[in-house]
Amino acid sequence: MINYNIFAKFYDAAMGNRIRTNERIGNLIYKANPQAKNVLELACGTGEILKYLAKNYKVSGLDASQNMLAIAKKKVSQAKYYLQDMTNFKIDEKFDVILCVFDSINHLLKFSDWKKLFINVEKHLNKNGVFIFDINTVLKLNSLVNRPSVNEFDKNILIMNVKDIGKGVTSWSVRVLEHTGSNNYKLSEETIKEISFPADQIIKTLKLIFNSVKVETANKDYSNNKADRLYFICKK
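So, here's what we can say about the structure. As a convention, each chain's residues are numbered from 1 in the sequence order in which they are written. With the structure being a predicted model, the display of local features is reserved for residues of pLDDT at least 70 and the display and counting of side-chain atom pairs for 80 or more, all residues being used for whole-chain, interface and lining totals. Calculated side-chain values reflect all of the structure's heavy atoms, with hydrogen atoms and water omitted.

Between rings of Phe, Tyr and Trp, where Trp is taken as its six-membered ring, a pair exists when centres lie within 6.5 Å; planes separated by under 30 degrees are stacked, by over 60 edge-to-face, and by other angles tilted. Scanning the entire structure with this criterion turns up eight aromatic pairs. Geometrically, the ring pair formed by Trp 114 and Phe 197 is edge-to-face, given 5.1 Å between the ring centres and 90° between the ring planes. Of the two residues, Trp 114 is situated in helix α5 (residues 111-123) and Phe 197 in the loop between β9 (184-194) and α7 (199-206); the sequence distance between them amounts to 83 residues. Of the two residues examined, Trp 114 and Phe 197, each falls in the buried class. A run of DSSP states H or I qualifies as a helix once it reaches four residues; a run of E qualifies as a strand once it reaches two. Both are numbered from the N-terminal end. Relative accessibility decides the category of a residue: with a 1.4 Å probe and only protein chains considered, values under 20% of the type maximum give buried, values over 50% give exposed, and everything between is partly exposed.

Structural data, given as structure tokens:
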């Protein structure tokens, strides 16, 4: 599984403004569990969502990247942090809400690992707790293949190219040309892999573990595979 240790220092600048996503996640949490007091974010990265949620909740973050967590700790010093794998994490605490967003679950390349994550999350939820996660759909991943992109941020250059490497797996070649002064650049490279699975397969598995499962998307037609991102809201 990718740990983003190389890309960590560029992550926030490359991702840009995420306030609309943060607001949407905040609204999903409030609608699903208005009494929630504490939140755990899996694959919390640099802590951007934790910073937003810390205004209203006691927050904790878990990630496999030491470099990502180091940045998150500077942003949200009051949070608890865990350097663990999200598929088999163990924390001596239960939560009202557990999040896994920005398609982090897509980095798990076996559906059996998705199921392990679902089961482990349920064990770490309080009664009536909520698990919220999002995915890049199969349609979204397919739409990115062989469409290289080049973007400039903070005088640096981000180059991404996505390839289909078979069995539903996409490989993302991420290159950053870091501006080091004058006309000089330093190259950093990382390879990220993602996979997705049909919504019906995911929902069927979730319903074996959680008491209720809802799906939200902008175009409201996940059943016909027309959405590029889905949010799953699962209640214990």
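Moving on, we get to the pattern of salt bridges. Here, a salt bridge means any Lys or Arg side-chain nitrogen found within 4 Å of an Asp or Glu carboxyl oxygen. By the definition in use, this model includes nine salt bridges. The partner of Glu 93 in a salt bridge is Lys 58, with the nearest N and O atoms 3.6 Å apart. Remark: Lys 58 occurs in strand β2 (residues 58-63) and Glu 93 occurs in the loop between β3 (80-83) and β4 (95-100); sequence separation between them is 35 residues. Classification of Lys 58 by relative accessible area gives partly exposed; the value is 46%. Arg 229 is the partner of Asp 103 in a salt bridge, and the nearest nitrogen-oxygen pair spans 3.0 Å.

A pair of strands counts as paired when DSSP detects no fewer than two bridges linking them. Pairing analysis gives four bridges linking β2 to β3, with the strands arranged parallel. In the strand pairing of β3, Leu 62 is matched with Tyr 82. In this fold, the crossover linking β2 to β3 by way of helix α4 (residues 66-75) has right-handed handedness. We call a crossover right-handed when, viewed with the strands running away from us, the connection from the first strand over the helix to the second turns clockwise.

Before going further, it helps to spend a moment on the nonpolar core. Taken as a class, soluble globular proteins show a tendency for nonpolar side chains to be buried jointly. The biggest cluster of nonpolar side chains holds 36 residues, and the ones touching the most others in it are Leu 42, Phe 118, Phe 131, Phe 133, Ile 202 and Phe 210. Broken down by secondary-structure element, the contributors of at least two residues to this core are β1 (38-42), β4, α5, β5 (125-136), α7 and β11 (229-235). Looking at this core, the element that brings in the most residues is α5, giving five residues. Working rule for contacts: check all heavy atoms of both residues, and any pair within 4.5 Å makes them a contact. For Ile 202, the contacting residues outside a window of four places in its chain are Phe 111, Trp 114, Phe 118, Phe 133, Ile 135, Phe 197 and Phe 232. Definition used in this section: a nonpolar core is a set of buried Ala, Val, Leu, Ile, Met, Phe, Trp, Tyr and Cys residues joined via side-chain atoms within 4.5 Å. Judged by nonpolar contacts, the second largest core, of 25 residues, contains Ile 29, Ala 32, Val 59 and Val 76.

Residue count minus one, scaled by 1.5 Å, sets the expected span of a helix. The terminal C-alpha atoms of α5 lie 19 Å apart, and with 13 residues this matches the ideal 18 Å at 1.5 Å per residue to within 8%. Close packing links the buried residues of α5 with β1, β4, β5 and α7.

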